[in-house]
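# Structural characterization, general
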Amino acid sequence: MRVLTQDGGRVHASTQQRAVGHRPYFFLSYAHTPGYGGGTDPDMWVERLFQDLCGHVMAMTDLPAGAPAGFMDREIRSGEGWSERLGDVLATCRVFVPLFSPRYFASEMCGKEWHAFEQRAIHHRARSNQPAEAIVPALWVPVPPSQLPGSAERLQFNHRDFGERYVSDGLYGLIKLRLFAEEYERAVYELAKRIVSVADSVRIDTGRPVDYRLAPSAFGSPSSGVGAPRPMQITIAAPTRHDLPEGRNSDHYGDHPQDWNPYYPAAARPLAYVAEELVRSLNYQAVITSFDEDRHDGKAPPSTPEILLVDRWALRDEDHRRRLAAFDAENRPWVTMVVPWSRDDHQSRAAESELIEKLEATMPIKMGQGRALCRAAAKGVPTMEAFGQLLPQVVEVAAQQYLKHAKAYPPGSGGGSGERTRLTGPMGSTSYIPDPHDPATEAEDL
């Protein structure tokens, strides 16, 4: 049996079967340019770039005929589920290639694509504690550094490797002017080489497809605009390996509370640093602290929104229990509590009833405060994947509550900046669905 390829040639059926299951080498993420004046399709040049990159990738690899070298949203066929298809490809592609332009970072949709891919890298690092940098940016139109969100600013990438003219004019300038045809070919060839190199060396894990429509943006919420990352405090309330309660294994702990790893051995990285990356992926600047450190006066207005990560085992210590109870009594709604709790941890499962009772008695306000997802977060997050899905919603609530309770200084008062800090969290829901029979999932408190 023989089958036709797209270019009209013929290959054996066995070759086509080999192509099935191959992950795309890259996902090309770009901002659509609106049409104007009834002229030609303004995105035809992006499609040409995509085809040129795919040609180079096929030449540089042993991909069989019919295997996808890359993906762009024009690959979606009529009648195919748009969100589902994007979610599937973002969960499996090897490299993410964002096409930088001012319009790109103003696009919430592009920010959603970036966020969906970045979650895979964060979870890969959490599981392996190894680097997983699989984002290869490309300049479509040069963007001033001041217009880059934190997610793009943090990338370690030297665009000058692709040529000086590429840096000054971007791929759009090179592709539009015949004078720069040679510079364009060089830049695209070098970009393709980088894509193949990263794909073959990093080998980032595949992920679970997310609902693209519900994903938050890596560039922050539309109302906050592109700019410097906003602050978000991450506080850890957990013992260290030096002061563990009786009956608790030290494998989950280190010399500092920040070393706590509730999802060990499935995760190799302390949770505080995984949370830091997740918060940063939402265009926030995370600051990690320990609950044991001195805290501000409970009557003072908030200085930053906060996520409090609580280890239930800390409640077996009387001093921890007393201080957490005092903190709960202060009723700080801009501090959202999350209780990571691995369902694969046999010690924790054996002590679960006792420690849940202690937490409910110690922190009744936090246990019943906020939206349904926040109450579910306080009752226990069973896996690293659920933690990553839930945290964007928790961050949003903390940021919104901070805005509601933070002190605003009128212009010219000398009490800080002239306008109230804008800290709107990432909008959108998550795919983490709590147990519908759990009381914490009842109607949300608004």
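Higher on the page you've got the structure.
Residues numbered from 1 in each chain as written. Predicted model: local features only at pLDDT ≥ 70, side-chain atom pairs only at ≥ 80, totals over all residues. Heavy atoms only, no water.

Of the regular secondary structure elements, the chain holds 15 helices and 10 strands. Within the span of the chain, comprising 446 residues, buried residues form 51% of the whole. (Helix = DSSP H or I, 4+ residues; strand = E, 2+ residues; numbered from the N terminus. Buried < 20%, exposed > 50% of the residue type's maximum accessible area, 1.4 Å probe, protein only.)

Inspection of helix 12 (residues 352-362) places Leu355, Leu359 and Thr362 among the buried residues, and these make up the whole buried set. One side of helix 12 holds all its buried residues, which, seen down the axis, span an arc of 70°. Along helix 12, exposed side chains directed more than 90 degrees from the buried face belong to Ser353, Glu357 and Ala361. On its buried face, helix 12 sits against helix 10 (318-329), helix 13 (364-367) and helix 14 (372-379). (Arc of directions from axis to C-beta. Contact = heavy atoms within 4.5 Å.)

Now for the pairing of strand 9 (residues 306-310). Burial analysis of strand 9 places five of its five residues in the buried class, which makes it a mostly covered element. Of the pairings in the sheet, the one linking strand 9 to strand 10 (residues 335-338) comprises four bridges and is parallel in character. Bridging across to strand 10, leucine 308 finds its partner in methionine 337. A crossover connection joins strand 9 to the parallel strand 10 through helix 10; in handedness this β-α-β unit is right-handed. (Pairing = 2+ DSSP bridges. Right-handed = clockwise from strand over helix to strand, strands pointing away.)

A few words now on the nonpolar core. Ranked by internal contacts, the top residues of the largest apolar core, which has 66 residues, are Phe26, Leu99, Phe100, Phe105, Trp114, Tyr166 and Leu171. By residue number, the principal contributor to this core is helix 8 (residues 181-202), which donates 10 residues. Among all residues touching leucine 99, those that are not within four sequence positions of it are Leu28, Ser29, Tyr30, Val46, Leu49, Tyr104, Ala138, Trp140 and Leu171. (Core = buried A, V, L, I, M, F, W, Y, C linked by side-chain atoms within 4.5 Å.)

Moving on: the side chain of arginine 94. Here arginine 94 is to be found in the loop between helix 3 (82-92) and strand 5 (95-100). With a relative accessible area of 15%, arginine 94 lands in the buried category. Only 3.3 Å separates the side chain of arginine 94 from the side chain of tyrosine 25, close enough to count as a polar contact. Once residues lying within four places of it in the same chain are set aside, the contact partners of arginine 94 are His22, Arg23, Pro24, Tyr25, Phe117, Ala134, Ala199, Asp200 and Ile204. (Polar contact = N/O pair within 3.5 Å; in protein donor to acceptor, adjacent residues only side chain to side chain.)

With the rule as written, the count across this model stands at 21 salt bridges. Note that glutamate 277 and arginine 125 form a salt bridge whose closest N and O atoms lie 2.5 Å from each other. In this pair, glutamate 277 sits in helix 9 (residues 271-280) while arginine 125 sits in helix 5 (residues 108-128), placing the two residues 152 residues apart along the sequence. The residues glutamate 277 and arginine 125 share a single accessibility class, namely buried. Members of the salt-bridge network, linked through shared partners, are Glu118, Arg125, Glu133, Arg269 and Glu277. (Salt bridge = Lys/Arg side-chain N within 4 Å of Asp/Glu carboxyl O.)

Between helix 9 and helix 15 (residues 384-405), the shortest axis-to-axis distance is 10 Å and the interhelical angle comes to 50°. Here helix 9 lies oblique to helix 15, going by the angle between them. Between helix 9 and helix 15 lies a crossing whose hand is right-handed. Contacts between helix 9 and helix 15 involve Leu271, Val274, Ala275, Leu278 and Val279 from the first element and Met384, Phe387, Gly388, Leu391 and Val395 from the second. Among the residues forming the contact of helix 9 with helix 15, the class breakdown is nine nonpolar, one polar and no charged. (Axes fitted to C-alpha atoms, helices over the stretch in contact; angles between N-to-C directions. Parallel < 35°, antiparallel > 145°, perpendicular 65-115°, else oblique. Left-handed = near helix turned anticlockwise from the far one by under 90°. Nonpolar A, V, L, I, M, F, W, Y, C, P; charged D, E, K, R; others polar.)

Time to look at the sheet that holds strand 7 (residues 230-237). In sheet architecture, strand pairing relies on hydrogen bonds along the backbone and comes in two forms, parallel and antiparallel. Reading across the sheet, the four strands line up as 8-7-9-10 and stay open at both edges, with parallel pairing between neighbours. This sheet does not close on itself; its edge strands, each paired only once, are strand 8 (284-290) and strand 10. If you compare each strand with its neighbour and ignore which way they point, the axes differ by 25° on average. Where helix 15 meets the sheet, it contacts strand 7, strand 8, strand 9 and strand 10, and its direction lies at approximately 135° from that of strand 9.

Relative to the elements of secondary structure, glutamate 276 occurs in helix 9. Leave out the neighbours within four places in its chain, and glutamate 276 touches Ile234, Ala286 and Ile288.

Let's shift gears to helix 5. The end-to-end C-alpha distance of helix 5 is 30 Å, a good match for the 30 Å that 21 residues give at a rise of 1.5 Å each. With respect to burial, helix 5 is a largely interior element, 17 of its 21 residues being buried. If you check the start of helix 5, you find a side-chain oxygen 3.4 Å away from the backbone N of methionine 109, and it comes from serine 107. Directly beyond the C-terminal end of helix 5, a positive phi value near 60° is found at asparagine 129. (Expected span 1.5 Å × (residues − 1).)

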